[in-house]
Amino acid sequence: MGRGDSAASAAEQQSSSTTAPLLEKTSVEAEASEAGGGYYYVEGCPGCAVDRHKAANPGIPYANFIYVWIVTLCTALPISSLFPFLYFMIRDLGVAKTTEDIGFYAGFVGASFMFGRCLTSTAWGIAADRIGRKPVVVFGISSVVVFNTLFGLSVNYWMAIATRFLLGALNGLLGPIKAYAIEVCRPEHEALALSLVSTAWGIGLIIGPALGGYLAQPAENFPTVFSTDSIFGRFPYFLPCLCTSIFAAVVLISCIWMPETLHKHKVHENRSQNIEALEAHLIDSKEKVEESGSSDTKKSLFRNWPLMSSIIVYCIFSFHDMAYTEVFSLWAESDKKYGGLSLSSEDVGQVLAISGASLLVYQLFLYPSINKVLGPIKSSRIAAILCIPILFAYPYMTYLSDPGLSIILNIASVIKNNLAVTIITGTFILQNNAVPQDQRGAANGLSMTGMSFFKALAPAGAGIVFSWAQKRQHAFFFPGDQMVFFLLNVIELVGLLLTFKPFLAVPEQFESR
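- The name given to the chain in an unreviewed UniProt entry is Major facilitator superfamily (MFS) profile domain-containing protein, with Miscanthus lutarioriparius as the source organism.
- Under Subcellular location (unreviewed entry), UniProt gives the following word-for-word description of the chain: "Membrane".

1. Some thoughts on the overall build of the chain
Link 1 in the chain: Within the chain, the secondary structure is distributed over 19 helices and 2 strands.
Link 2 in the chain: Counting over 513 residues, the chain shows a buried share of 55%.
Link 3 in the chain: Taking contacts inside the chain between residues at least 6 apart in sequence as the whole, the part at least 24 apart equals 80%.
Link 4 in the chain: Working note: accessible area of the chain is about 22,100 Å², and carbon and sulfur atoms make up 65% of it.

2. Quick look at the layout of surface pockets
Left-over empty space is what a probe sized like a water molecule reveals as it rolls over the atoms.
Link 1 in the chain: Here the second largest pocket defines a volume of roughly 200 Å³.
Link 2 in the chain: Looking at the second largest pocket, the residues that line it are Lys336, Lys337, Gly339, Pro395, Thr398, Tyr399, Gln473, Pro479, Gly480, Asp481 and Gln482.
Link 3 in the chain: A class-by-class count of the residues in the lining of the second largest pocket yields 3 nonpolar, 5 polar and 3 charged.

3. Things to note about the state of the cysteines
A covalent bond bridging the sulfur atoms of two cysteines is what the word disulfide describes.
Link 1 in the chain: According to the stated counting rule, one finds 0 disulfides in the structure shown.
Link 2 in the chain: The thiol of Cys48 is not disulfide-bonded; the next cysteine sulfur, from Cys45, is found 3.7 Å away.
Link 3 in the chain: Taking the relative accessible area as the measure of exposure, Cys48 reaches 2% and is therefore buried.
Link 4 in the chain: Take Cys74: it sits in no disulfide, and the sulfur closest to it among the cysteines is that of Cys255, at 8.0 Å.

4. Re the nonpolar core
Link 1 in the chain: By size, the foremost hydrophobic cluster in this structure holds 122 residues, and its most contacted members are Val71, Ile141, Phe328, Trp331, Tyr394 and Leu409.
Link 2 in the chain: Top contributing element to this core by residue count: helix H15 (residues 305-333), with 17 residues.
Link 3 in the chain: Both domains that furnish three or more residues to this core are identified here as domain 1 (53-263) and domain 2 (303-512).
Link 4 in the chain: Among residues more than four places away in sequence, those in contact with Leu409 are Phe328, Trp331, Leu341, Leu343, Val351, Tyr394 and Met397.

5. Observations regarding a nonpolar patch on the surface
Link 1 in the chain: Side chains of Leu360, Val361, Leu364, Phe365 and Leu366 sit close together on the surface and give an oily, nonpolar patch of about 450 Å² of accessible area.
Link 2 in the chain: In this structure, Phe365 sits in helix H16 (residues 345-393).

6. With respect to empty space enclosed by the protein
Link 1 in the chain: By the definition in use, this model includes 4 cavities of 30 Å³ or more.
Link 2 in the chain: Of the pockets and cavities examined, the largest cavity occupies roughly 260 Å³.
Link 3 in the chain: Every residue lining the largest cavity is counted, 21 residues in all, and those nearest its centre are Leu205, Asp321, Thr325, Asn417 and Ala420.
Link 4 in the chain: Of all elements in the fold, only helix H9 (190-215), H15, H16 and helix H17 (404-432) reach the threshold of two or more residues within the lining of the largest cavity.
Link 5 in the chain: By residue number, the principal contributor to the lining of the largest cavity is H15, which donates 7 residues.
Link 6 in the chain: Looking at the lining of the largest cavity residue by residue, the classes come out as 12 nonpolar, 6 polar and 3 charged.
Link 7 in the chain: Approximately 60 Å³ is the volume found for the second largest cavity.

7. Thoughts on the packing of aromatic side chains
Link 1 in the chain: For the structure shown, the criterion picks out 23 aromatic pairs.
Link 2 in the chain: A centroid spacing of 5.5 Å and a plane angle of 80 degrees characterise the contact between Trp305 and Phe503, whose relative ring orientation is edge-to-face. Here Trp305 is found in helix H15, whereas its partner Phe503 is found in the segment after helix H19 (481-497), with 198 residues between them in sequence.
Link 3 in the chain: By relative accessible area, which is 37% here, Trp305 ends up partly exposed.
Link 4 in the chain: By relative accessible area, which is 24% here, Phe503 ends up partly exposed.
Link 5 in the chain: Here the aromatic rings of Phe478 and Phe486 are separated by 4.5 Å at their centres, their planes lie at 15 degrees, and the arrangement is stacked.
Link 6 in the chain: Here Phe478 falls in the partly exposed class, since its relative accessible area comes to 23%.
Link 7 in the chain: An aromatic cluster of at least three residues, connected via ring pairs, comprises Tyr324, Phe328, Trp331, Tyr394 and Phe485.

8. Considerations on the environment of Thr261
Link 1 in the chain: Tracing the backbone through its elements, the reader meets Thr261 in the loop between helix H12 (238-254) and helix H13 (271-279).
Link 2 in the chain: Accessibility expressed as a relative area gives 2% for Thr261, which makes it buried.
Link 3 in the chain: The sequence separation of Thr261 and Ala181 amounts to 80 residues, and the corresponding C-alpha distance is 9.6 Å.
Link 4 in the chain: Engagement of the side chain of Thr261 in a polar contact is seen with the side chain of Glu183, the distance being 2.5 Å.

9. Regarding the pattern of salt bridges
Link 1 in the chain: Taken as a whole and assessed by the stated rule, the structure comprises 5 salt bridges.
Link 2 in the chain: Connected via shared salt-bridge partners are Asp129, Arg133 and Glu183.

10. Here's the deal with unusual backbone geometry
Among all residues save glycine, negative phi is the norm, and among peptide bonds the norm is trans.
Link 1 in the chain: Cis geometry marks the peptide bond from Asp402 to Pro403; its omega dihedral reads 0 degrees.
Link 2 in the chain: Along the polypeptide, Pro403 turns up in the loop between H16 and H17.
Link 3 in the chain: That bond from Lys501 to Pro502 is cis: its omega, 10 degrees, falls within 30 degrees of zero.
Link 4 in the chain: In this structure, Pro502 sits in the segment after H19.
Link 5 in the chain: Here Gln217, not a glycine, exhibits a phi torsion of approximately 50 degrees, which is positive.
Link 6 in the chain: Of note in this structure, Phe478 is not a glycine but carries a positive phi near 45 degrees.
Link 7 in the chain: Relative to the helices and strands, Phe478 is located in the loop between helix H18 (440-469) and H19.

Parameters and conventions
Residues numbered from 1 in each chain as written. Predicted model: local features only at pLDDT ≥ 70, side-chain atom pairs only at ≥ 80, totals over all residues. Heavy atoms only, no water. UniProt positions renumbered as here; feature names shortened; annotations may be inferred. Helix = DSSP H or I, 4+ residues; strand = E, 2+ residues; numbered from the N terminus. Buried < 20%, exposed > 50% of the residue type's maximum accessible area, 1.4 Å probe, protein only. Contact = heavy atoms within 4.5 Å. Areas by Shrake-Rupley, 256 points an atom, 1.4 Å probe, with all protein chains shown as cover. 1 Å grid on protein atoms, 1.4 Å probe; cavity = no way out; pocket = protein on both sides within 12 Å on 5 of 7 lines; lining within 4 Å. Points joined across faces, edges and corners; volume = space filled by probe spheres on them. Nonpolar A, V, L, I, M, F, W, Y, C, P; charged D, E, K, R; others polar. Disulfide = S-S within 2.5 Å. Core = buried A, V, L, I, M, F, W, Y, C linked by side-chain atoms within 4.5 Å. Domains from an automatic or database assignment. Patch = residues over 30% accessible without salt bridge, like charges linked within 9 Å, V, L, I, M, F, W, Y side chains within 5 Å. Salt bridge = Lys/Arg side-chain N within 4 Å of Asp/Glu carboxyl O. Phe/Tyr/Trp six-rings, centres within 6.5 Å; stacked < 30°, edge-to-face > 60°. Polar contact = N/O pair within 3.5 Å; in protein donor to acceptor, adjacent residues only side chain to side chain.

What follows is the structure, encoded as C-alpha cells:
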C-alpha cells in the first residue's frame with residue numbers, strides 16, 4: 001500500500017471516528033457491505049430500523065410491497081368505481097332535464113373528488129414528512145371507509161358532490177405511499193416498487209369500475225337475491241360503494257403491522273459544519289457533489305427542475321387518463337344513434353375487469369424488463385406514440401357488431417390501459433429520484449396537488465365536451481364522438497412532446513437510457 005492509500009485510509013478512519021459523536025448517544029454502528037463502509041443507526045428510530053433491514057436483506061421486501069399494493073388499491077378503487085353507474089345515477093337523481101345533459105352533470109361529480117384532493121395533497125405530503133407515512137395512510141384509509149359509504153347512500157345531487165369532495169380532501173394516501181415504496185426497498189428494486197404503485201393504481205381504476213358495473217342496481221340485476229324493499233333496492237348504487245369500504249376497513253386493520261419508514265432522530269446543529277470539515281479529508285469527490293446537490297434541492301422544491309418538469313408531464317398524462325376513463329364509460333353506455341355502443345354497465349364492467357387482469361400480468365412480469373432495457377423515458381415516449389392510433393380507432397367501433405365488437409373493444413382497452421400505466425410508472429420513477437428522502441413526501445404531495453387539479457378539470461371538461469359532441473352528430477369536422485377522441489389525442493401529443501429536451505430535465509442516471 002502506498003503513502004496515498006495510507007492517507008486515504010487514515011482519513012476514512014478519522015471520518016468514521018469523528019462522525020460517531022455527532023449522533024445521539026443511542027446510536028449504534030452497522031456495517032453495510034453494499035457500500036463497503038460504516039453506517040450509524042439510531043435505536044428506536046423506525047426509519048433506521050427499515051434501513052438496517054434493507055442492508056442485511058438484499059432481496060425483494062415482499063411483505064412491505066404488499067402494503068404498497070393494498071394501500072394504493074384502496075385509494076384507487078373509489079376514484080373511478082362510480083363511472084359505470086354515474087350515468088344512471090344522475091338520471092335517477094333527476095337533476096338532468098334532458099338525456100344529453102347527463103354527461104354535463106356527471107362530470108362535476110367526478111371532478112369533486114379531485115378538486116378536494118387538489119386542495120389538500122401538499123399538506124398531506126408535508127404531514128407525512130413530519131409525523132410519518134403511517135399516520136397519514138391510516139387517516140386516509142379511514143376517510144375512504146366513511147365517505148365512500150356515504151356516497152353510496154346519496155339521496156340527492158348535492159349530497160353526492162359533498163361526499164365525493166370530502167373523500168378526496170381527506171384522502172392523502174397516494175403521495176406518502178409512493179415515498180414509502182421507495183424507502184422500503186434497495187435502489188435496485190425501485191423500478192419494481194413504483195411499478196407496483198402504478199399497477200395497483202391502474203388496476204384500481206379498472207377494477208373499481210368493474211365492481212361498479214357488476215354490483216350497481218342489484219335489485220334489478222339480481223332480483224332473486226336483493227329485494228326492491230331492501231336497502232340495496234332503495235339505494236341502488238350502495239352495494240359497490242359498500243364493497244369498496246369493506247375492503248378499505250380490512251386494509252385499515254392490517255396497517256397496524258405496517259412499519260414506519262420516516263427517520264425520527266435528531267442530530268446536533270453543528271453536524272453539517274463538522275461533515276464539511278471532514279470532507280476535506282475524503283478523496284471521493286462524487287460524494288461532495290451529491291451532498292451539495294442535495295443541499296441545493298432542499299432549498300426549494302420549485303427550483304428543482306428535474307422534479308418540476310416530471311410533475312408537469314405527469315399532470316398532462318393524468319389529465320388525459322382521467323378524461324379517457326370518464327369518456328370511455330359514457331361513450332360505451334350511450335345509444336348508438338349518438339355514436340356510442342349501447343352497452344350496459346355490466347358489459348362495461350366486464351371490459352374493464354379484463355383490462356385490470358392484464359395490467360397485473362404486464363406490470364409484474366413485463367414492465368420491469370422493459371424499464372431495464374429502455375428506461376422510464378423511452379418507454380413512456382413509445383407508449384404515448386402507440387396510444388394515438390388506438391384512440392383514433394375508438395369512434396369507428398360503433399359500426400361493429402358482436403362478437404367482433406366485444407373482441408376489438410377488449411383488445412383496444414387492454415393495450416390502451418397498459419400503455420397508460422407504462423407512462424405513469426415512468427414519471428413516478430423520475431419524480432422519486434429527483435429528491436432526497438426527507439423531501440420525498442412533500443414532493444409527492446406537490447405532485448398529487450398538481451395531478452389532482454388536472455384530474456379535477458378532466459371529468460368536468462370531458463363531460464361537457466361529450467355532451468356537446470353528442471349534439472353535433474352531423475358536423476363536417478370530426479362529427480359526434482370523433483371530436484372527443486380527437487381532443488384526447490391532442491392531449492396525448494402534448495404530453496409526448498413534453499417528454500423531450502429541453503423541457504424535461506433528465507436525471508443523470510437516466511441520461512444514457
